[in-house]
Amino acid sequence: MELAKARDHYRFGNTTLDFAKETIIMGILNVTPDSFSDGGKYAAIDAALKHAETMLRDGAKIIDVGGESTRPGHIQISVEEEIERTAPVIEALAKEFGCVMSIDTYKAQVAEAAVQAGAHIINDIWGAKYDPAIAEVAAKYEVPIILMHNRQDVDYGTDFMDEVVDDLEESIAIAVRAGVTQENIWLDPGIGFARNTKQNIWTMQELRRISNMGYPVLLGTSRKSFIGNIMDLPVEERLEGTGATVCFGIEHGCHLMRVHDVKEIARMAKMMDVLTGKTVFEG
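What counts, and at which threshold
Residues numbered from 1 in each chain as written. Predicted model: local features only at pLDDT ≥ 70, side-chain atom pairs only at ≥ 80, totals over all residues. Heavy atoms only, no water. Helix = DSSP H or I, 4+ residues; strand = E, 2+ residues; numbered from the N terminus. Rg over C-alpha atoms; globule rule 2.2 N^0.38 Å. Buried < 20%, exposed > 50% of the residue type's maximum accessible area, 1.4 Å probe, protein only. Disulfide = S-S within 2.5 Å. pLDDT = per-residue confidence, 0-100. Contact = heavy atoms within 4.5 Å. Phe/Tyr/Trp six-rings, centres within 6.5 Å; stacked < 30°, edge-to-face > 60°. Pairing = 2+ DSSP bridges. Axes fitted to C-alpha atoms, helices over the stretch in contact; angles between N-to-C directions. Expected span 1.5 Å × (residues − 1). Core = buried A, V, L, I, M, F, W, Y, C linked by side-chain atoms within 4.5 Å. 1 Å grid on protein atoms, 1.4 Å probe; cavity = no way out; pocket = protein on both sides within 12 Å on 5 of 7 lines; lining within 4 Å. Points joined across faces, edges and corners; volume = space filled by probe spheres on them.

Trainee: So what's going on with the overall build of the protein? Which residues, and what values?
Mentor: On a plain count of helices and strands, the protein comes out with 10 helices and 10 strands. The C-alpha atoms of the protein give 18 Å as radius of gyration, which agrees with the globular expectation for 283 residues (19 Å, within 12%). With respect to the three principal axes, the spread of C-alpha positions in the protein is 50 × 45 × 40 Å. Buried residues in the protein amount to 53% of all 283 residues.

Here it is, written out as structure tokens:
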């Protein structure tokens, strides 16, 4: 496939994301029922706003709003319920902060409702393969879509990374056929999905193959189980492991980091950006 000619910078409202000058931090905001102690609608929105405010203050440039858990063994919810969980929060975030937001969904109707509510980016863990109409939504509203590598069949052939790249190219083709411009296609190698620990390590070691495809690359390693397996640590003790993957990802051409621990990771990314020459230290 011919290399894409993606932009280095994107402007959403008053915010500019410049991948050439800094690594962009995406803060995770899950608005699933188990994310907040109070299950009431307004309490959930208040909690979401408070958490988003903290992440923005700590260095997040994008807030990624998700209404359905995608952890292993998760239970799928209806389109209507997912919209009810996410759209009001997105509207509140837009009103309160005017921040850049992505919607973490693989369903076209949810994506459209989120964009109408104020989301700027679609983040699809199925790379437009679960519901190809999601690419039509991205094209209709001219918003970026993040195509993550994922698959049902994890029986890979002799060259795992060749298949990963081929799968991503299939997702890109779906988006292009739907009318998404090259500059609005971003990629995610899919760490933690459809692969075992050794394959996650392999993917990390081969990140250059993804970043060399010519599109902005989002890396989502935060607290993932492969870090726990390598370090023999529970979820709440995986910050250092996550930080190592983030620094490695920056060194290997990734542009955005989707994380839970925004303050710590933003500081690591800032240091890495200077060391790699992406950001010039003026002091």
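Trainee: Quick rundown of the state of the cysteines? Include the residues and the values.
Mentor: Under the definition given, this model contains zero disulfides. With no disulfide of its own, C247 lies closest to C254 among cysteine sulfurs, the gap being 12 Å.

Trainee: Explain the confidence of the model for the protein to me, using residue names and the numbers behind them.
Mentor: Residues at a pLDDT of 70 or more form 93% of the protein, whose mean pLDDT is 93. Considering only residues more than four positions removed or in separate chains, one finds that residues 1-5, a stretch of pLDDT under 50, has 10 contacts.

Trainee: Would you mind going over the packing of aromatic side chains in detail, with residue names and values included?
Mentor: Within the structure shown, the criterion is met by seven aromatic pairs. Seen from their ring centres, Y156 and F160 are 4.7 Å apart, and the 80° between their planes marks the pair as edge-to-face. Just as Y156 is buried, F160 falls in that class too. On the basis of an interplanar angle of 40° and a centroid distance of 5.3 Å, the ring pair of F160 and W202 is categorised as tilted. Highlighted residues: F160 in helix α5 (residues 160-178) and W202 in helix α6 (residues 197-205), separated in sequence by 42 residues. In this structure F160 comes out as buried when scored by relative accessible area, which is 2%. Residue class for W202 comes out partly exposed when judged on its relative accessible area of 33%. Through a chain of ring-to-ring contacts, the aromatic side chains of Y10, F12, F19 and W186 assemble into a single cluster.

Trainee: Help me get a handle on the sheet that holds strand β5 (residues 100-104), residues and values and all.
Mentor: The strands that make up a sheet are held in pairs by hydrogen bonds between backbone atoms, and each pair lies either parallel or antiparallel. Reading across from one edge, β8-β7-β6-β5-β4-β3-β10-β9 is the order of the eight strands in this open sheet, with parallel pairing throughout. Taken across any chain shown, the strands that pair with only one partner, and hence form the sheet edges, are β8 (185-188) and β9 (218-219). As paired strands, strand β3 (residues 24-30) and strand β10 (residues 256-259) are joined by four bridges and run parallel to one another. Considered in β10, the bridge of I25 is made with M257. Helix α4 (residues 133-141) rests against β6 (121-124) and β7 (145-148) of the sheet, and its axis sits at about 165° to β6.

Trainee: Run through helix α9 (residues 239-251), naming residues and quoting values.
Mentor: The end-to-end C-alpha distance of α9 is 18 Å, a good match for the 18 Å that 13 residues give at a rise of 1.5 Å each. Among the residues of α9, those classed as buried are G241, T242, G243, T245, V246, G249 and I250. Positive backbone phi, approximately 90°, marks G253, located one or two places after α9.

Trainee: Talk me through α4; I want residue IDs and the actual numbers.
Mentor: Buried within α4 are the following residues: I134, A135, V137, A138 and A139. Those residues of α4 that are buried lie in contact with α3 (108-117), β6, β7 and α5. One or two steps after α4, the chain reaches E142, where phi turns positive at roughly 55°.

Trainee: How would you explain the nonpolar core if you had to name every residue and give the values?
Mentor: Grouped together as the largest cluster of nonpolar side chains are 70 residues, with contacts concentrated most on L29, I63, L93, I122, L187 and I210. With eight residues, the single largest contributor to this core is α5. When near neighbours in sequence (up to four residues on either side) are disregarded, L93 contacts L29, L49, A52, I63, V65, G98, C99 and M101. Residues F12, F19, W186 and L256 belong to the second largest nonpolar core, which totals 13 residues.

Trainee: Can you explain the environment of V246? Please cite residues and give values.
Mentor: By secondary structure assignment, the location of V246 is in helix α9. Given a relative accessible area of 1%, V246 falls into the buried group. A sequence separation of 12 residues divides V246 from R258, and the C-alpha atoms of the two residues are 9.3 Å apart. Not counting the four nearest positions on each side in its chain, V246 is found in contact with T221, M257, V259 and I265.

Trainee: Now, about empty space enclosed by the protein: what can you tell me, with residues and values included?
Mentor: Scanning all chains against the criterion turns up one cavity of 30 Å³ or more. Estimates place the volume of the largest cavity at around 30 Å³. Along its surface, the largest cavity is lined by E68, T70, E82, D104, T105, Y106 and I125.

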